[in-house]
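# Analysis of the macromolecular model
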Amino acid sequence: MLNRRFLRIKVLQALYAYLEAGDTNVTNGIKNLLESIDKLQELFVWQLSFLVETKRFADNKITDNKHKFIPTYEDLHPNMRYVENRVINAIENNKDFQKKEAAYCINWGGMGSEVVKNYYNIMRETEEYKAYMSDKVDNWEHDKKFLATMIEAYYADLEVLQDFYEEKSIYFCDDYHLVSSILLKYLNELKKLDVDTKLPTIYKTENDEVNIDEEFVKKLFRETLRHGDEFGQMIAENTNNWEKERICVMDMIIMKMAITELVCFSEVPVKVTMNEYIEISKYFSTPKSKNFINGLLDRLLKKMTEEGKIEKKGLGLLEK
């Protein structure tokens with residue numbers, strides 16, 4: 001489920017929290033990092049469940065309206081487009097989703113029901129919902145596109161849902177927007193979902209024995225700390241008219257992580273590393289510092305390559 005960029009972001013966040021807390025126990029730092037990544041999986045399932053629960057709420061509302069004392073024509077002949085959304089129903093009927101929903105004890109009772117109702121009422125008033133419900137196109141891709149549109153346009157501002165998650169876990173609050181991005185990516189790439197299809201996992205495994213992504217994040221966290229002073233000095237020596245103290249903590253961590261990956265990860269192509277940290281800097285740095293990071297990494301890459309400090313295994317891995 002998580003591509004390496006999401007995992008790099010989790011390492012960045014974990015390093016920031018570790019350094020800001022003044023922690024000195026690397027083992028605890030890695031433990032907290034892995035726990036935060038595990039919580040991404042849990043929140044991802046909660047967000048899938050939220051989509052399903054809004055459909056259930058709509059279905060119950062339709063049933064209640066049909067049993068009014070004096071139902072209207074619309075009450076008796078409701079538009080079933082949303083409650084019959086193919087993607088939501090595929091998720092609801094998926095065995096792996098049902099298993100994980102039960103394992104995480106997901107329940108939308110109490111305050112959760114108010115959150116679902118609030119979102120449903122907001123959704124019904126949107127132009128996107130009205131267009132979806134009246135559109136002549138009716139297929140899997142159309143159902144999927146509507147869900148993706150709502151997530152992209154409205155989830156970021158859905159404070160009532162964020163507040164609800166904050167009560168569940170501090171990790172949920174911190175990762176709400178990240179998981180929204182993961183959910184959007186998942187839906188955009190979803191071709192079909194059968195009852196027996198497994199939901200995507202957090203990590204990739206190799207021969208079901210070596211968790212290569214987990215090893216990647218642990219090594220990146222550990223090596224960035226190990227070489228922190230060395231790479232910090234390298235950054236300071238190659239900044240023009242920019243004192244080390246003026247570089248904010250987050251920007252410094254981004255650059256140290258990039259250098260760590262260039263030097264310590266022989267299997268990761270240079271181009272991948274450079275592209276990933278340039279993209280990450282767009283979200284975690286100001287426009288001014290983002291340009292500074294990009295320029296400095298380019299300069300350091302050229303210098304370290306000339307000095308033979310970057311060794312990559314395989315043809316083409318050194319190409320930028």
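Each remark here, short or long, concerns the structure printed above.
Structural notes, computed from the coordinates. (Residues numbered from 1 in each chain as written. Predicted model: local features only at pLDDT ≥ 70, side-chain atom pairs only at ≥ 80, totals over all residues. Heavy atoms only, no water.)

### So, helix H10 (residues 170–189)
What counts here: Helical segments are the DSSP runs of H or I of at least four residues, strand segments are the runs of E of at least two, and each set is numbered from the N terminus. In a helix, the anticipated span is given by 1.5 Å times the number of residues less one. The term bend refers to the angle at a residue between two fitted axes, each drawn through seven residues, those ending there and those starting there. Note on classification: 1.4 Å probe, protein chains only; a residue is buried when its accessible area is under 20% of the maximum for its type, exposed when over 50%, partly exposed between these limits. Every residue pair with non-hydrogen atoms within 4.5 Å of one another is taken to be in contact. Between N or O atoms, a polar contact is any pair within 3.5 Å; within protein, one atom must be a potential hydrogen donor and the other a potential acceptor, and residues adjacent in sequence are included only when both atoms are from side chains.
Counted at 1.5 Å a residue, the expected span for H10 with its 20 residues is 28 Å, and the 29 Å between its end C-alpha atoms agrees. Of all the bends found along H10, the most pronounced is centred on Tyr176 and spans about 60°. Listing the buried residues of H10 in full gives Tyr171, Phe172, Asp175, Tyr176, Leu178, Val179, Ser180, Ile182, Leu183, Leu184, Tyr186 and Leu187. Buried residues in H10 make contact with helix H1 (4–20), helix H2 (26–66), helix H4 (86–93), helix H8 (140–154) and helix H9 (159–168). Measuring from the backbone nitrogen of Tyr171 back to the side-chain oxygen at the start of H10 gives 3.1 Å, which picks out Ser169 as the cap.

### Comments concerning the packing of aromatic side chains
Note the threshold: A pair of aromatic rings is counted whenever rings of Phe, Tyr or Trp (Trp by its six-membered ring) have centres within 6.5 Å, and the orientation is called stacked for planes under 30 degrees apart, edge-to-face for over 60 and tilted otherwise. The rule for a charge over a ring is simple: NZ of Lys or CZ of Arg within 6 Å of the ring centre, and within 35 degrees of the ring normal.
Taken as a whole and judged by the stated rule, the model has 20 aromatic pairs. Both rings, one in Phe50 and one in Tyr155, keep their centres 6.1 Å apart while their planes meet at 75°; by these two values the pair is edge-to-face. Taken together, the residues span a long stretch of sequence, with Phe50 in helix H2 and Tyr155 in the loop between H8 and H9 at a distance of 105 residues. In this pair, the class of Phe50 matches that of Tyr155, namely buried. Relative to Tyr165, the ring of Phe164 lies with its centre 5.9 Å away and its plane at 55°, an arrangement referred to as tilted. Across the pair, exposure class does not vary: Phe164 and Tyr165 are buried alike. Connected via pairs of aromatic rings, a cluster forms that spans Trp46, Phe50, Trp108, Tyr119, Tyr155, Phe164, Tyr165, Phe172 and Tyr176. Sitting over the face of the ring of Phe216, Arg4 holds its NZ or CZ atom 4.0 Å from the ring centroid.

### Here's the deal with the nonpolar core
Rules: Here, nonpolar core means buried Ala, Val, Leu, Ile, Met, Phe, Trp, Tyr and Cys residues that are tied together by side-chain atoms lying within 4.5 Å of each other.
Ranked by internal contacts, the top residues of the largest apolar core, which has 97 residues, are Phe50, Tyr82, Trp108, Leu161 and Tyr165. If we skip the residues at most four places from it in the chain, Tyr165 touches Leu43, Trp46, Gln47, Phe50, Trp108, Phe172 and Tyr176.

### Some thoughts on the pattern of salt bridges
So the rule is basically this: Note on definitions: salt bridges are taken to be side-chain nitrogens of Lys or Arg within 4 Å of carboxyl oxygens of Asp or Glu.
Using the criterion set out here, one finds 23 salt bridges in the structure. In this structure, the salt-bridge partner of Arg56 is Glu101, at a minimum N-O distance of 3.9 Å. Of the two residues, Arg56 sits in helix H2 while Glu101 sits in helix H5 (residues 95–103), which places them 45 residues apart along the sequence. Assessed through its relative accessible area of 24%, Arg56 is described here as partly exposed. One salt bridge connects Asp138 with Arg86, and the closest N-O pair in it is separated by 2.8 Å. On the criterion of sequence distance, the pair formed by Asp138 in the loop between helix H7 (127–134) and H8 and Arg86 in helix H4 is long-range, its members being 52 residues apart. Given the relative accessible area of 32%, Arg86 is considered partly exposed. Residues participating in the shared-partner salt-bridge network are Glu53, Lys55, Arg56, Glu92 and Glu101.

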